[in-house]
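Listed below, chain by chain, are the residues.
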Amino acid sequence: MIIDLNELNYKKEIELNININYDENVDKRIKNLKDASLVGKIFTNEFGINLDLLFTGNMVLEDSITLDDVEYPFTIKLEGSLDEIGEEFPNSIDFSKNTLDIFELLWENIVLEVPISFTKEKDAKMSGNGWQLKNGDNIDGCDPRLEKLKELLKGDD
């Protein structure tokens, strides 16, 4: 969504209240966005053009254990001057046309919010057909393939 910043020449602020549902899979980690909404304003003051935006919603990710789809809530707060944001995210602002690509700005911030791995622990399967997830607390005995090594180490006591 392109916002024409020339509107600020005759308005004091541009109010934004946008609902975004994005179903296309453009990132390997994010399958889609659900219930995403952008609320805020773009306004001018004595320091220039400023943004005060709040972007919330759910991104659908792949569970790192079960590989099922899970919703991961996110909240992104964008505050600051357009010049500062333009330095951080140069692809979102076209100063020659005086426009702001709000979706490009939001998408770059969404990608920064994606966790490295995410699981819903209460829903996670800890065992399956021929496998069992183990951690340091629930290891039962030693791997039978290492029994001979265990016998060798007993002699060093």
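Here, the structure is the one placed above.
Model, not experiment: these values are computed from the prediction.

Turning our eyes to something else, we now look at the overall build of the chain. Within the chain one finds 3 helices and 9 strands. Along the chain direction, N to C, the helices and strands of the chain fall in the order β-β-β-β-β-α-β-β-α-β-β-α. By the burial criterion, 32% of the 157 residues in the chain qualify as buried. In the chain, of all internal contacts separated by at least 6 residues, the share reaching a separation of at least 24 is 54%. By element, 48% of the accessible surface of the chain is carried by carbon and sulfur atoms, the whole surface being about 10800 Å².

On to the nonpolar core, then. Ranked by size, the top nonpolar core spans 32 residues in total, and within it Leu-16, Ile-42, Phe-55, Leu-100, Ile-102 and Ile-110 carry the most contacts. At the level of elements, strand E2 (13–22), strand E3 (30–45), strand E4 (48–62), strand E5 (69–81), helix H1 (82–88) and helix H2 (102–113) are the ones that each hand at least two residues to this core. Every residue in contact with Leu-16, bar those within four places of it in the chain, is listed here: Ile-3, Leu-38, Val-39, Gly-40, Ile-42, Leu-53 and Ile-102.

Its location among the elements puts Lys-31 in strand E3. Looking at Lys-31, the relative accessible area reads 27%, which means it is partly exposed. Of the polar contacts made by the side chain of Lys-31, one reaches the side chain of Asp-69; its length is 2.8 Å.

On to the sheet that holds E2, then. The strands that make up a sheet pair up through hydrogen bonds in the backbone, lying either parallel or antiparallel. In spatial order, the strands read E2-E3-E4-E5; together these 4 strands make up an open sheet with antiparallel pairing. At either end of the open sheet lies a strand with only one pairing partner, and these are E2 and E5. This sheet shows a mean twist of 5 degrees between the axes of neighbouring strands, independent of strand direction. Inspection of the sheet shows E4 paired to E5 by 13 bridges, in the antiparallel sense.

Basis of the calculations
Residues numbered from 1 in each chain as written. Predicted model: local features only at pLDDT ≥ 70, side-chain atom pairs only at ≥ 80, totals over all residues. Heavy atoms only, no water. Helix = DSSP H or I, 4+ residues; strand = E, 2+ residues; numbered from the N terminus. Buried < 20%, exposed > 50% of the residue type's maximum accessible area, 1.4 Å probe, protein only. Contact = heavy atoms within 4.5 Å. Areas by Shrake-Rupley, 256 points an atom, 1.4 Å probe, with all protein chains shown as cover. Core = buried A, V, L, I, M, F, W, Y, C linked by side-chain atoms within 4.5 Å. Polar contact = N/O pair within 3.5 Å; in protein donor to acceptor, adjacent residues only side chain to side chain. Pairing = 2+ DSSP bridges. Axes fitted to C-alpha atoms, helices over the stretch in contact; angles between N-to-C directions.

These results come straight from atomic positions and should not be treated as a statement about function.
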